[in-house]
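An overview of the molecular structure
Residues per chain, in single letters:
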Amino acid sequence: MIIVKVYFLFMCTKTKNIRRFSGMLHNSVTEIAQAIQVSISVVSKVMNHQGGVHADQRYRVYRYLSDHAIAVPTPANVEIYAILPDTPVFFWREISSFLKKECFSLQDKVNLYSSISANQENEYLIIKYLEHARNCGAKCVLLSAPFSPSIIGAVRSISCTIPVFLLSEDGDLTDDRVFFIGSDARKDGMLLAEYYADRHPSPGNILILSCRESKNHAQRVEGFTWRLNQSGEYRFQQAAPPLLGKKDFSSQLARILQPIGERFPFDCIFSPDGYTPYVCGAIKKLGKEGQVRCLGFENAHLNEQYATDQILEAIVKQNVAGQARLATEMAKQYCKDGVLPKEREHYVPSEFILF
């Protein structure tokens, strides 16, 4: 049996002094909350690395702690130092939930950051966590995050001393001690294209909604277009939807799609990300049921309804649990015997769901 040393930080939400490594400052939770104008609950959740905190609030708490040299007590001999997203987006929610419930015990150091946007708040928090992992002597890091140049730089910096196991949408790091665990994006795109070509052999117009400039999404688009180019004279056009975050996102997306459809009358929308239910909602708001079909990624509770409405045809769903399990197995094996995997990229087959 592999025994992994674990650490969780528990802290009372009432007004109590917080001990710091420096031993010099003794601000209370209430004083911190008042100083940055957030609730006591928010400060407590952040210092316990709990979820349910907006990115800007989490960022403000950590900035205050850093600026005033306030450090959360950290134990020695931490083995797996996990940095996970706190977000309702399906893929990220499933990874975080599975890791916490199925893979980690009360000895692993789990840290949450808010949202998955590559903004300065998340970059700051993740970089701080990576520095923390190195300073507390963690044996390895397990990280699930969208990558920006500054985060990539931080990962490369810390991986000089300890390995980093990435549950990420981007597998473009080349450091010898950085390991990517995910899906074969190009193959996933080809799966959807092959299905669509079999169902719709006649040439058609396909709108590709690529929401972020990531290697993962680019490879899905590459696989998708390559396969269809082998099958017939399909025409493609790419468009970038607005950033996700508003409740009326489907309506906003529909307003963007309408003028595009007037110039480029598409009969299919390919969404190489987790925006699929919003794309389907936009198609429905445009009144294009049965006329425009959607091919996308990940699953959502609305998918069955959109399939019934003759909007959604098929999706590729990543094996999130399989990816999370493989990452923790590699991390725990390294903690046990110090042996790293031979390959840096590890792909877990995705599931193809037809409607």
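The model shown is predicted, which means the values in this text are computed figures rather than measured ones. (Residues numbered from 1 in each chain as written. Predicted model: local features only at pLDDT ≥ 70, side-chain atom pairs only at ≥ 80, totals over all residues. Heavy atoms only, no water.)

**With respect to the overall build of the protein chain**
- When its secondary structure is counted, the protein chain shows 12 helices and 12 strands.
- A total of 355 residues make up the protein chain; the buried ones form 53% of that total.
- In the protein chain, the proportion of contacts linking residues at least 24 apart, taken out of those at least 6 apart, comes to 70%.
- Split by element, the accessible area of the protein chain, about 16300 Å² in all, is 50% carbon and sulfur. (Helix = DSSP H or I, 4+ residues; strand = E, 2+ residues; numbered from the N terminus. Buried < 20%, exposed > 50% of the residue type's maximum accessible area, 1.4 Å probe, protein only. Contact = heavy atoms within 4.5 Å. Areas by Shrake-Rupley, 256 points an atom, 1.4 Å probe, with all protein chains shown as cover.)

**Section: the pattern of salt bridges**
- Under the defined criterion, the tally for this structure stands at 6 salt bridges.
- In this structure, Arg186 engages Glu222 in a salt bridge whose closest nitrogen and oxygen atoms are separated by 3.1 Å. Taken as a pair, Arg186 in helix H7 (residues 185-199) and Glu222 in helix H8 (residues 215-229) lie far apart in primary sequence, 36 residues in all.
- Under the relative-accessibility criterion, Glu222 is labelled partly exposed at 42%.
- For Asp309, the salt bridge is made with Lys284, and the minimal N-O distance between the two is 3.0 Å. A residue pair is termed long-range when its members are at least 10 positions apart, and Asp309 in the loop between helix H11 (303-308) and strand E10 (312-317) and Lys284 in helix H10 (residues 276-285) qualify at 25 residues. (Salt bridge = Lys/Arg side-chain N within 4 Å of Asp/Glu carboxyl O.)

**A look at the nonpolar core**
- In terms of nonpolar packing, the biggest core is built from 38 residues, with Val43, Val61, Tyr81, Ile83, Leu130, Val141 and Leu143 touching the most fellow members.
- Those elements that place two or more of their residues in this core are helix H1 (29-36), helix H2 (40-47), helix H3 (55-67), strand E1 (80-86), helix H5 (120-135), strand E3 (140-143), helix H6 (149-158) and strand E4 (164-166).
- Considering each element in turn, this core owes the most residues, 6 residues, to H5.
- Counting 23 residues, the second-largest nonpolar core is a separate cluster that includes Leu207, Phe266, Ile283 and Tyr306. (Core = buried A, V, L, I, M, F, W, Y, C linked by side-chain atoms within 4.5 Å.)

**Considerations on unusual backbone geometry**
- Look at Gln37: it is not a glycine, yet its phi comes out positive at around 60 degrees.
- Relative to the assigned elements, Gln37 resides in the loop between H1 and H2.
- One non-glycine residue, Gln310, adopts positive backbone phi at about 60 degrees.
- Checked against the element boundaries, Gln310 lands in the loop between H11 and E10.
- Note on Gln310: relative accessible area 45%, which makes it partly exposed.

**Remarks on the sheet that holds strand E8 (residues 268-270)**
- Here 6 strands make up an open sheet; going across it, the order is E7-E6-E8-E9-E10-E12 and the pairing mixed. Where the open sheet ends on each side, the last strands, each with one partner, are strand E7 (235-239) and strand E12 (351-354). Across this sheet, the average inter-strand angle for adjacent strands is 15 degrees, counted without regard to direction.
- Both strand E6 (residues 205-209) and E8 contribute to a ladder of 3 bridges, which runs parallel. Note that in E8 the partner of Ile206 across the bridge is Cys268.
- Along the sheet face, H7 touches E6, E8, strand E9 (293-297), E10 and E12 and points at about 155 degrees away from the line of E10. (Pairing = 2+ DSSP bridges. Axes fitted to C-alpha atoms, helices over the stretch in contact; angles between N-to-C directions.)

**Brief notes about the environment of Leu295**
- With respect to the secondary-structure elements, Leu295 resides in strand E9.
- Assessed through its relative accessible area of 0%, Leu295 is described here as buried.
- Once residues within four sequence positions are removed from consideration, Leu295 is found in contact with Leu192, Tyr196, Phe224, Cys268, Ile269, Phe270, Ser271, Glu313 and Ala314.

**Describing the packing of H3 against H5**
- In contact at an axis separation of 9 Å, H3 and H5 are set at 45 degrees when each is read in the N-to-C sense. Overall, the two elements H3 and H5 adopt an arrangement that is oblique. Crossing handedness for the pair H3 and H5: left-handed. Where H3 approaches H5, its residues Ala55, Asp56, Arg58, Tyr59, Tyr62, Arg63 and Ser66 are matched on the opposing element by Gln120, Glu121, Tyr124, Leu125, Lys128 and Tyr129.
- Partitioned by chemical class, the residues of the contact of H3 with H5 number 6 nonpolar, 2 polar and 5 charged. (Parallel < 35°, antiparallel > 145°, perpendicular 65-115°, else oblique. Left-handed = near helix turned anticlockwise from the far one by under 90°. Nonpolar A, V, L, I, M, F, W, Y, C, P; charged D, E, K, R; others polar.)

**Remarks on the packing of H2 against H3**
- Contact pair H2 / H3: the axes reach a minimum separation of 10 Å and the direction vectors enclose 75 degrees. By the angle between their axes, H2 is roughly perpendicular relative to H3. Contacts between H2 and H3 pair Val42, Val43, Val46 and Met47 from the former with Gln57, Arg58, Val61, Tyr62 and Leu65 from the latter.
- In terms of residue class, the contact of H2 with H3 is made up of 7 nonpolar, 1 polar and 1 charged.

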